[in-house]
Amino acid sequence: MLSGRRLDLLDPSPLDIEIEDIAHGLARVARWNGQTVGDHGFSVAQHSVIVEEIAVHIKPDLEPRWRLAALLHDAPEFVIGDMISPFKAALGLNYRAFEDRLEAAIHIRFGLPSKVPGPIKTLIKQADRACAFFEATQLAGFTIPESLGFFGKPPKNYGLMIQPLPAAEAQEQYLHRFHLLALAAGYETRDDAFDTE
């Protein structure tokens, strides 16, 4: 990792995970394998910030720790990339177990339970699919009926116009959101919590 950490992907330790590495990696991983319109790929970092926002739209009283879980929902992709769902399914259970171990280490590192409760996981998945609906129709060339078929209807009274950000801006946005949520959840109390330099 750029931080100097050495992360064992087969047995990841929470001690070897840094939010700066996650933000850097996710800001440079493109959703839809980069098959989107615009000057910049739509990054997993920017997607994650939007998913957290949608989760709060669906459940306005969502606790800060579960908002943090929503922001981190794709965090393992900072090292394994964003594989499309059909390919993940083709790889089978071993891939899912591998991804789960990495996600558990990330959660523990940032004060979350290794597995989020079922209702929270369902909420995050709903927000994730809603974001994918907007991405598909605005960036990836899907028609609205196609997107409705794959992802379902987005939440009522929620609109989104996506403008893919350059990697550095997406990274900064992700880090800023992380620090706000970590502070609100009581997992971060440093005076320099908002210093992303």
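Here the structure is shown first, and the text comes after it.
A short tour of the structure in this document, coming up. Remember, it's a predicted structure, so these values are computed and weren't measured experimentally.

**Notes on the overall build of the protein chain**
Across its full length, the protein chain holds 9 helices and 0 strands. Starting at the N terminus and ending at the C terminus, the protein chain contains elements arranged as α-α-α-α-α-α-α-α-α. Sorting the 197 residues of the protein chain into buried and exposed places 45% on the buried side. Considering only residue pairs separated by 6 or more positions, the protein chain has 66% of its internal contacts joining residues 24 or more positions apart. Here the protein chain displays about 10200 Å² of accessible surface, and carbon together with sulfur accounts for 55% of that area.

**Brief notes about the packing of aromatic side chains**
Following the criterion strictly, the structure yields 8 aromatic pairs and no others. Aromatic side chains Trp-32 and Phe-151 sit 6.2 Å apart centroid to centroid with 85 degrees between the ring planes, which places their arrangement in the edge-to-face category. Separated by 119 residues along the polypeptide, Trp-32 in the loop between helix H1 (19-26) and helix H2 (44-58) and Phe-151 in helix H8 (residues 144-151) bring together distant segments of the chain. Residues Trp-32 and Phe-151 agree in their burial class; the two are buried. Look at Phe-151 and you get buried, because its relative accessible area is 19%. Site record: aromatic cluster; members linked through ring pairs are Trp-32, Phe-142, Phe-150 and Phe-151.

**Regarding the pattern of salt bridges**
Taken as a whole and assessed by the stated rule, the structure comprises 8 salt bridges. Arg-5 serves as the salt-bridge partner of Glu-18, at 2.8 Å between the closest nitrogen and oxygen. Of this pair, Glu-18 sits in the segment before H1 while Arg-5 sits in the segment before H1, and the two are 13 residues apart along the sequence. Taking the shortest distance from any N to any O, the salt bridge between Glu-63 and Arg-65 comes out at 3.0 Å. On the basis of relative accessible area, Glu-63 is assigned to the partly exposed category, the value being 38%. For Arg-65, a relative accessible area of 32% corresponds to the partly exposed category. Three or more residues joined by partner-sharing salt bridges are found here, namely Arg-5, Glu-18 and Arg-109.

**Description of the environment of Ile-54**
By the element assignment, Ile-54 lies in helix H2. Residue Ile-54 is classed as buried on the basis of its relative accessible area, which comes to 0%. Along the chain, Ile-54 and Leu-123 lie 69 residues apart, while their C-alpha atoms are 9.5 Å from each other. Contact partners of Ile-54, with chain neighbours within four places excluded, come to Ala-127, Ala-130, Cys-131, Pro-155 and Tyr-158.

**Thoughts on helix H9 (residues 167-185)**
Counted at 1.5 Å a residue, the expected span for H9 with its 19 residues is 27 Å, and the 27 Å between its end C-alpha atoms agrees. For H9, the complete set of buried residues consists of Ala-170, Gln-171, Tyr-174, Leu-175, Phe-178, His-179, Leu-181 and Ala-182. The inward-facing, buried residues of H9 abut H1, H2 and helix H3 (64-71). Gly-186 sits one or two positions beyond H9 and adopts a positive phi of about 85 degrees.

Here is what the cut-offs are and how they apply
Residues numbered from 1 in each chain as written. Predicted model: local features only at pLDDT ≥ 70, side-chain atom pairs only at ≥ 80, totals over all residues. Heavy atoms only, no water. Helix = DSSP H or I, 4+ residues; strand = E, 2+ residues; numbered from the N terminus. Buried < 20%, exposed > 50% of the residue type's maximum accessible area, 1.4 Å probe, protein only. Contact = heavy atoms within 4.5 Å. Areas by Shrake-Rupley, 256 points an atom, 1.4 Å probe, with all protein chains shown as cover. Phe/Tyr/Trp six-rings, centres within 6.5 Å; stacked < 30°, edge-to-face > 60°. Salt bridge = Lys/Arg side-chain N within 4 Å of Asp/Glu carboxyl O. Expected span 1.5 Å × (residues − 1).

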